[in-house]
Amino acid sequence: MRKLFFAICFNLVFIGNIFAKVTPISGYEGISFQNPHQQGVAKVHEVDAAEFTDFLEQRFSEAQKVDVKTLNKNFSVIRDEPENKSDASSGKSIFENLYEQALSRISLSQENTRDEIASTEPQAIPDIAEQEQSWQQQSDVPMIVAYLPPDNSPEYVPAMEHIPYFMSLLEVLPGGSVKITETVTVVANGYKLKKGLSKKLPLYVNYVSGQKQRLDYSIINVTVNDMPINYHLNADNNSVYMLPEQNYILDPGVYTYRFEYLVDNLLYKYDDRYRLYWDIGGNGWNLVVDRAGGILVLPQKDALLSSTVLLGGVFGLYDNLVAVSPNGPTSQTYVASRPLFVSEGLHLIADISPQALLPETLWQKFIRYLYSNGDICFAAFGLLVIFISFVISRYYIGKDKGQLKFNFDKSPLFLRQLLFNRFDIKSVCGFLLEIYRKNIIDIQQSGETILLIKRTDNMSSLSRIEQKALGKLFTAHETVFRVGQETVLKFKRFIGDLHKDINRQMLFFRFKINIGYLLFGLAMLLLTEAFIAGFKYNFSQTLIVLSVSSIFSVFGIFCWYVGTKKWVKWIIRICVVCFEFLLLVIMSAVVHPLAALILLLSALVIVLAIGNYSQRFGLMKHYIKEAGNYRNYLLSHHDSIVLGKGFINHQAAIWSLDLADEFRLSGDKEYYKIPVMQAIVDKFGN
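Residues numbered from 1 in each chain as written. Predicted model: local features only at pLDDT ≥ 70, side-chain atom pairs only at ≥ 80, totals over all residues. Heavy atoms only, no water.

## Some thoughts on the overall build of the protein chain
- When helices and strands are counted, the protein chain shows 16 helices and 23 strands.
- Here the protein chain holds 686 residues, and the buried ones make up 49% of them.
- Counted over contacts in the protein chain with a minimum sequence separation of 6, partners at least 24 positions apart contribute 73%. (Helix = DSSP H or I, 4+ residues; strand = E, 2+ residues; numbered from the N terminus. Buried < 20%, exposed > 50% of the residue type's maximum accessible area, 1.4 Å probe, protein only. Contact = heavy atoms within 4.5 Å.)

In structure tokens form, the structure reads like this:
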């Protein structure tokens, strides 16, 4: 076994880069309202529909208009001109088509489903016109005073559950990462925000070429009213969720959340520039956002080549509802001129000069590739290492080196099966001679009559199956069995049970001599899956699904070889195929389907290698040689064996190893039963 492990080639340098970085923060006890004055009597500010409409019209007239053609979807897709024309001809907006495609691929886990995150079912989202009409009827809703960022100025907001203020600060760092700081003020009343606020983020950014790049998030800090709260990252197939470590109860009131996190791989090369897409508004809140805006900060002056901001979502996109203004030489500000309703966001597309960023290193390119294809790469690498390790092990097995050695029971049945690979009537007679030696039965012959006489009921020296087999000869209270044609049915049942027993012994023995290699293969497979899970946000869940599925897969493939009758084998094999397909589907839920298939192929390689090692030219060769050495030992000690009473102890082995002619005894010796065994063979044949 020690020869196996030098073939392990995993590079542990990756470990430091595969886990999400979460800054430890304190608990949630003691979260308070923004301002103690909010707990007083609610103040009402009447606003009629006409005043609200005048306000919106004024904001619309001041908004900067932008081109809608470069729109991308919620999961960060930038589409080229031919695709845009195709979508335009369908009668739906580009975003609408892309959004519907994305919806068909989204499947939220139970842990990720939260009330404040928007439903992904289009029919569950009210039309924007309905939402806007409902929002304009705020004259019937009490107003409360909330102290809104950034200067904590007191303002009247509806006393209904919504987000009165949302501001996102995007800082593009010289290395290409983007630091995002989001300030979110929420009015909670115990309906959707009972367990605190969570965030939904895209898992991938998709290139114009059709390729997609997995985003890597690292939580820096999360606070509620300036109090740190523990958050963690979880993910499904298309989204990442920033969730509280513990679901705490959020009392009614006004709270300001501050999410600070880092996004890697968000920027990608597009022609001669870097392109950034980000939904500033989030597009995932199941709450109305009254005021939304964002600030883009670049590493140096004149780094921004162009930018486009669109407001909208599944029900439509608008290029005239966002005010864009410079905010110094390196930043730009975006402010929505109307509330963001459920399913809407602020979609920012910015082209950045490559001179503003540091050149991408080869290591960064490699890590970027691993984040997109890491599960496939590690699965393939693990399969290669397992295969090479078993090939090297096979080389050492051929030289009879490296493997563990076990002692084996030199029973006549096992010796004959091991040395001659045969189970026949001679094997059965060898068993009879063995239990004769143990004084369990007596064997008598008179002319053509052969009798087996039971001497004792104490058969503790026999295995359970051997006791059951012997019970086929001596049924009920019978103590004598006559060997002849009239009892041939009983004798065949006896033989059948012995055959099952020797098959069981050989199966267990093969498993015993292969256990080291089996554990090695499983350990390599689990190590591969640990590396794959390390690139996932839900590490524990992914590792458990993959490891349990792989172990079941290995033992499921072993079942392929179970069964003696042809129709039984085919039923078992059909069940194995269905079971392996089910495991493939389960594993594909947490990794790429190709990676899942490669992991199942690794399990198949392990089983095939174990099966190859179990052959007579493999690990069995050493023990076959031992059985041959025992046969040679009997021959070399012939004189001492035939002259002493030790012949009784070796008689069963002498018979089973076809040495009866070499050990013929002269004279009438009561314990010499080989002639009786030959008579049984003559009766029943080989």
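There's more to say after this.
## Side note on the pairing of strand β11 (residues 239–244)
- Counting buried residues along β11, six of its six residues qualify, which places the element largely inside the surrounding structure.
- Burial along β11 is two-sided: S239, Y241 and L243 and V240, M242 and P244, pointing in opposite directions, are all buried.
- Bridge analysis of strand β5 (residues 199–202) against β11 gives four bridges, and the strand direction is antiparallel. For K200, the partnering residue across the bridge sits in β11 and is Y241.
- Across five bridges, strand β10 (residues 231–235) lies against β11 in antiparallel orientation. The residue of β11 that forms the bridge with A235 is V240.
- Between β10 and β11, which follow one another and run antiparallel, lie three residues. (Pairing = 2+ DSSP bridges.)

## Remarks on unusual backbone geometry
- Between P149 and P150 the backbone carries a cis peptide bond, its omega angle lying at 0°.
- Tracing the backbone through its elements, the reader meets P150 in the loop between β1 (143–148) and β2 (153–158).
- One non-glycine residue, S343, adopts positive backbone phi at about 85°.
- Along the polypeptide, S343 turns up in the loop between β19 (331–336) and β20 (344–352).
- The class for S343 is buried, based on a relative accessible area of 1%.

## Concerning the nonpolar core
- Membership of the largest hydrophobic core comes to 99 residues, with the highest contact counts inside it found for L418, I441, L452, L470, F494, L634 and M677.
- Counting residues per element, this core draws most heavily on helix α9 (residues 488–534), at 15 residues.
- In contact with L634, not counting residues within four places along its chain, are I641, H650, A653, I654, L657, L659 and F663.
- The next biggest cluster of nonpolar side chains, apart from the first, holds 63 residues, and it includes I219, V263, L311 and L321. (Core = buried A, V, L, I, M, F, W, Y, C linked by side-chain atoms within 4.5 Å.)

## Quick notes on the side chain of S168
- Here S168 lies in strand β3 (residues 162–172).
- Every residue in contact with S168, bar those within four places of it in the chain, is listed here: I180, T181, E182, I280, G293, G294 and I295.

## Points about the packing of helix α6 (residues 412–420) against helix α13 (residues 620–636)
- Between α6 and α13, the least distance of the axes is 9 Å, while the angle of their chain directions is 115°. Where α6 crosses over α13, the handedness of that crossing is left-handed. Across the interface between the two elements, L415, L418, L419 and F420 of α6 pack against M620, Y623, I624, A627, G628, Y630 and R631 of α13.
- Among the residues forming the contact of α6 with α13, the class breakdown is nine nonpolar, one polar and one charged. (Axes fitted to C-alpha atoms, helices over the stretch in contact; angles between N-to-C directions. Left-handed = near helix turned anticlockwise from the far one by under 90°. Nonpolar A, V, L, I, M, F, W, Y, C, P; charged D, E, K, R; others polar.)

## So, the packing of aromatic side chains
- This structure, assessed with the given rule, holds 20 aromatic pairs.
- Seen from their ring centres, Y231 and F259 are 5.7 Å apart, and the 90° between their planes marks the pair as edge-to-face. Of this pair, Y231 sits in strand β10 while F259 sits in strand β12 (residues 253–264), placing them 28 residues apart in sequence.
- Classification of Y231 as buried rests on a relative accessible area of 1%.
- You can call F259 buried: its relative accessible area is 0%.
- An aromatic cluster is built from F431, F481, F491 and F494, whose rings are joined through pairwise contacts.
- Over the ring of Y274 we find K269; its NZ or CZ atom is 5.6 Å from the centre of that ring. (Phe/Tyr/Trp six-rings, centres within 6.5 Å; stacked < 30°, edge-to-face > 60°. Lys NZ or Arg CZ within 6 Å of the ring centre and 35° of its normal.)

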